[in-house]
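# Coordinates in review
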Amino acid sequence: MIVKTSTESTPTINSLDDLASCLDYSLIDRLTPDPDATDDGADHTPRQVFSGHYVPVTPTPIGQPEYIAHSPTFFRELGLSDDLAQDDHFTRLFSGDLANLPEGFRKTGWATGYALSIYGTEYIQQCPFQTGNGYGDGRAVSVVEAVLGNQRWEMQLKGGGRTPYCRGGDGRAVLRSSVREFLAQEHMHALGVPTSRSLTLYVSKTDAVKRPWYSEGSRSMDPDRMVAEPVAITTRVAPSFIRVGQLELFGRRARKRQPNALAELEQLVRHLIQREYSDEIQTELSLPESVLTLAKAFRGRLTQLVANWIRVGYCQGNFNSDNCAAGGYTLDYGPFGFIDAFNPHYQPWTGGGQHFAFMNQPVAAGKNFGSFCRALQPLLADEPEALRQLHEIERDFDNAMQAEMEAMWAAKLGLSLFDIELFRRLEMLMLLMPVDYTRFFRILSELSFTSLSAEELAQDLNTLKASFYNGKGYEAVALHPRYNLDYAEMEHRWTEWLSQWRQAIMREAVEADKCGETPRSEAQVRAGMKAANPKYTLREWLLAPAYQAAAQGDYSLIHELQSVMTQPYAEQSAEIDERFYRLKPIEAFGAGGVSHLSCSS
Ligand SMILES: Nc1ncnc2c1ncn2[C@@H]1O[C@H](COP(=O)(O)OP(=O)(O)OP(=O)(O)O)[C@@H](O)[C@H]1O
Ligand SMILES: [Mg+2]
């Protein structure tokens, strides 16, 4: 995990002046700015950027920013006082206004270029100049590098206005997408999954932009109208925002022997190590050693990350190399979704394609890892042995991924070791009889497993049925229209599976006993399962009412979701359960913008 726990103490940062004393741009300063950029940062028109790691650019402030929310948990970790979030100067900075900042702050922010590979294939078509030199942060602008809570952080505005990489876009993010990203990041962190973090969310009271969106009640795949939405800025924070695509940009240039590219690639790799891997990779290592250690460390993080995504039911619907953070954490909460009914083909984003579907995310991660390794290759061009080792690290991705997946499924089922037969049977049952993924595993975590009596099995099956999408009118939404299910037969198969699951857990206890180890108690197994199986996840039908109310100026649902979703494993009140721990409402099935979305920006 890259998310280091920092010691929480009384806030020491109560003003922008206090924050100024924590600024430390020393690492970003070691990178190379675009030599063609102007000093004033007034670089807001699409253009080619031929070299350098970043373009200095000033964000464009949103008009009349209004505070919506901040992350109190993260503020505490950073040592920021809660009052700051509504302080005038602080608000101005994190809504894009860098004018009149205290001494120490940079007068410009910075945006970075990157390349794009989709499922391992290199693309340049997305670049308006068809060269790859105009693609990068089109609306993300970093404004702060600072050491806070014993850790170095970068703070980045999303929706902070146009940059040279905006490709004709408006540089803005709408309220809807900003609310989604703001809530999802802190939820993900609370789920124990590495992620960029949320600092603040401000909305403009004067500026709106148009985006394609769905009419009320629309069930079509594509939006049917243009909607004017207020613009907003979320500030996200991470040790760095280096993407696999950014390494690729320099890797591709180095491959083409573009002047300076190899040196810029090496600089970027060393920078990545310092920002993200300094605990694991010593600075004294030779370049080939550093590259190989980095590749292994990233492979470890990426495989764990994706196994964690599957564990909590998260799907990154656009898992391109430019949305894959080289630090191994979750980045870009645009076309994401938390799964409702288990479906290996679940893909929330209509533009995403099946290659980024839920159960194919491990394969997609492997493709991104391939792009990562390819980007590093030019650094090892004269080192055949190191190149061979890099290939080996890349080739072993699938095994490493499989191992993480197996450990994850075992944990979800309360087992120490993966039981392939048991898992395969469960997977088949979940395919035949749609179950709510989150509720199913959470209810399973509460069942007893010491008795194999027919009565108890039947009772437990009844309890588990609260996670099934059959009955209760759900036939109407025809989740799996291909199957004409024989429900009596299905009940029999589920009961059989429950019995096998219990036996598997009990068998492990007997094995442990035989080896002289203390078998895990029922309470321990259950606690382990509850720690692997969240009770609350941030599904789209919970998010939609929150951003809809926010558009009317009511932020209370956002605050409520913040509170519920930052304790996703806790038992909360019966009232909370009734609203947030439930099956997806029937009317949300097939609903445009809720079951699927085509625009995430
Ligand atoms: N409204 C916009 N104006 C300018 N550029 C944009 C806009 N929307 C998206 N982009 C750029 O298009 C590219 C692809 O968009 P994508 O949806 O993956 O990213 P994003 O959600 O903007 O940002 P990120 O990956 O930084 O979270 C990104 O480089 C992004 O900066
Ligand atoms: Mg993106």
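Small disclaimer: the values here were computed from a predicted structure and weren't measured.

So, about the overall build of the protein chain. Check the secondary structure of the protein chain and you find 19 helices and 12 strands. Scaling as 2.2 N^0.38, a compact globule of 601 residues should have a C-alpha radius of gyration of about 25 Å, and the protein chain matches this with 25 Å. By its C-alpha atoms, the protein chain is 75 × 60 × 50 Å across when sized along the principal axes. Split into buried and exposed, the 601 residues of the protein chain put 58% on the buried side. Relative to all contacts within the protein chain whose residues are 6 or more apart in sequence, the contacts with residues 24 or more apart total 75%. Put simply, the protein chain shows about 23400 Å² of open surface, and 50% of that area lies on carbon and sulfur atoms.

Attention shifts here to the packing of aromatic side chains. Each aromatic ring pair is characterised by the separation of its centres together with the angle its planes make. Per the counting criterion, the structure on display carries 34 aromatic pairs. Seen from their ring centres, W494 and W497 are 6.4 Å apart, and the 80° between their planes marks the pair as edge-to-face. In this pair, W494 and W497 both sit in helix α15 (residues 487-514), 3 residues apart, roughly one turn of the helix. Exposure class is identical for W494 and W497. Each is buried. Between Y536 and Y581, the aromatic rings sit 6.2 Å apart at their centres with planes inclined by 65°, giving edge-to-face as the arrangement. In this pair, Y536 is assigned in the loop between α16 (522-532) and α17 (540-551) and Y581 in the segment after α19 (574-580), connecting sequence segments 45 residues apart. Residues Y536 and Y581 agree in their burial class; the two are buried.

For the rest of this paragraph, the subject is the UniProt feature "binding site: Mg(2+)" (unreviewed entry) in the protein chain. What UniProt calls "binding site: Mg(2+)" (unreviewed entry) maps, in this numbering, to N323 and D332. Summarising the element assignment, N323 is placed in the loop between β11 (314-316) and β12 (336-338). Inspection of the secondary structure puts D332 in the loop between β11 and β12. If we skip the residues at most four places from it in the chain, D332 touches K158, E181, R236, Y314, Q316 and N323.

A separate point is the domain arrangement of the protein chain. By domain assignment, the protein chain separates into domain 1 (16-241), domain 2 (261-409) and domain 3 (413-588). The gap between the C-alpha centroids of domain 1 and domain 2 is 23 Å. Counting residues at the interface gives 40 residues for domain 1, matched by 34 residues for domain 2. Buried surface at the junction of domain 1 and domain 2, summed over both partners, amounts to about 3100 Å²; 54% is from carbon and sulfur atoms. The interface formed by domain 1 and domain 2 includes 3 salt bridges. The tally of links between domain 1 and domain 2 comes to 21 residue pairs in polar contact (both at pLDDT 80 or more). Among the secondary structure elements, those contributing two or more residues to the side of domain 1 that touches domain 2 are α2 (26-30), β4 (116-118), β7 (151-158), α5 (175-190) and β10 (225-238).

Once that is clear, we can look at helix α12 (residues 420-432). In this model α12 runs 18 Å from its N-terminal to its C-terminal C-alpha over 13 residues, within 8% of the 18 Å that 1.5 Å per residue would give. L422, F423, L426, E427, L429, M430 and L432 are the residues of α12 that are buried. Residues of α12 that are buried in the fold lie against α11 (397-412), α13 (437-444) and α15. Looking at where α12 begins, the residue whose side-chain oxygen comes 3.3 Å from the main-chain nitrogen of E421 is D419.

Along the polypeptide, H596 turns up in the segment after α19. The buried category is assigned to H596, whose relative accessible area is 7%. A distance of 2.8 Å separates a polar side-chain atom of H596 from the backbone oxygen of S220. Leaving out residues up to four positions away in the same chain, H596 has contacts with Y214, R219, S220, M221, P348, T350, G590 and A591.

Ideal geometry at a metal gives 109.5 degrees between four tetrahedral donors and either 90 or 180 degrees between six octahedral ones. The coordination sphere of the magnesium ion (ligand 2), as far as protein atoms go, consists of N323 (OD1) and D332 (OD), spread over 2.1 to 2.2 Å. The buried category is assigned to D332, whose relative accessible area is 15%.

Relative placement of two packed helices is described by the angle separating their axes and the distance separating the axes. With their axes 11 Å apart at the nearest point, helix α7 (residues 261-276) and helix α8 (residues 287-312) run at an angle of 50° to one another. Viewed along their axes, α7 and α8 adopt a mutual orientation that is oblique. At the point where α7 passes α8, the crossing takes the left-handed sense. Contact residues: α7 offers E266, V269, R270, L272, I273 and E276, while α8 offers L287, S290, L294 and R301. Across the contact of α7 with α8, the residue classes break down as 5 nonpolar, 1 polar and 4 charged.

Attention shifts here to the packing of α8 against helix α10 (residues 384-395). Where α8 contacts α10, the two axes come as close as 10 Å, and the packing angle between them is 0°. Relative to α10, the element α8 lies roughly parallel. On the side of α8, the interface is formed by P288, L292, A295, K296 and R299, while α10 contributes A386, Q389, L390 and I393. The class makeup of the residues in the contact of α8 with α10 is 6 nonpolar, 1 polar and 2 charged.

This paragraph deals with the environment of T12. In this fold, T12 is placed in the segment before α1 (16-20). Separated by 46 residues in sequence, T12 and T58 place their C-alpha atoms 28 Å apart. Discounting chain neighbours no more than four positions away, the residues touching T12 are D18 and G79.

Under the UniProt annotation, "active site" (unreviewed entry) lies at D322. Tracing the chain through its elements places D322 in the loop between β11 and β12. According to the relative accessible area criterion, D322 is buried, its value standing at 5%. Other than its neighbours up to four places away in sequence, D322 contacts Y114, A115, L116, Y135, R243 and G245.

Of all hydrophobic cores here, the largest spans 134 residues; its most connected members are L302, F372, F440, L444, W494, W497 and W501. Among the elements that make up this core, the one with the highest residue count is α8 (14 residues). With near-sequence residues (within four places) excluded, W497 lies in contact with L413, L422, R425, L426, L429, F440 and L444. Ranked by size, the runner-up nonpolar core spans 46 residues in total, among them L16, F75, L157 and V174.

A word on the confidence of the model for the protein chain. When pLDDT is averaged across the protein chain, the result is 95; 97% of the residues are at 70 or more. With pLDDT under 50 throughout, residues 1-7 is counted as low confidence; its partners more than four residues away or in other chains account for 19 contacts.

Conventions used here
- Residues numbered from 1 in each chain as written.
- Chains lettered and ligands numbered in written order.
- Predicted model: local features only at pLDDT ≥ 70, side-chain atom pairs only at ≥ 80, totals over all residues.
- Heavy atoms only, no water.
- Helix = DSSP H or I, 4+ residues; strand = E, 2+ residues; numbered from the N terminus.
- Rg over C-alpha atoms; globule rule 2.2 N^0.38 Å.
- Buried < 20%, exposed > 50% of the residue type's maximum accessible area, 1.4 Å probe, protein only.
- Contact = heavy atoms within 4.5 Å.
- Areas by Shrake-Rupley, 256 points an atom, 1.4 Å probe, with all protein chains shown as cover.
- Phe/Tyr/Trp six-rings, centres within 6.5 Å; stacked < 30°, edge-to-face > 60°.
- UniProt positions renumbered as here; feature names shortened; annotations may be inferred.
- Domains from an automatic or database assignment.
- Buried area = accessible area lost by both parts, 1.4 Å probe.
- Salt bridge = Lys/Arg side-chain N within 4 Å of Asp/Glu carboxyl O.
- Polar contact = N/O pair within 3.5 Å; in protein donor to acceptor, adjacent residues only side chain to side chain.
- Expected span 1.5 Å × (residues − 1).
- Donors = N, O, S within 2.8 Å, 3.2 Å for Na, K, Ca; no water.
- Axes fitted to C-alpha atoms, helices over the stretch in contact; angles between N-to-C directions.
- Parallel < 35°, antiparallel > 145°, perpendicular 65-115°, else oblique.
- Left-handed = near helix turned anticlockwise from the far one by under 90°.
- Nonpolar A, V, L, I, M, F, W, Y, C, P; charged D, E, K, R; others polar.
- Core = buried A, V, L, I, M, F, W, Y, C linked by side-chain atoms within 4.5 Å.
- pLDDT = per-residue confidence, 0-100.

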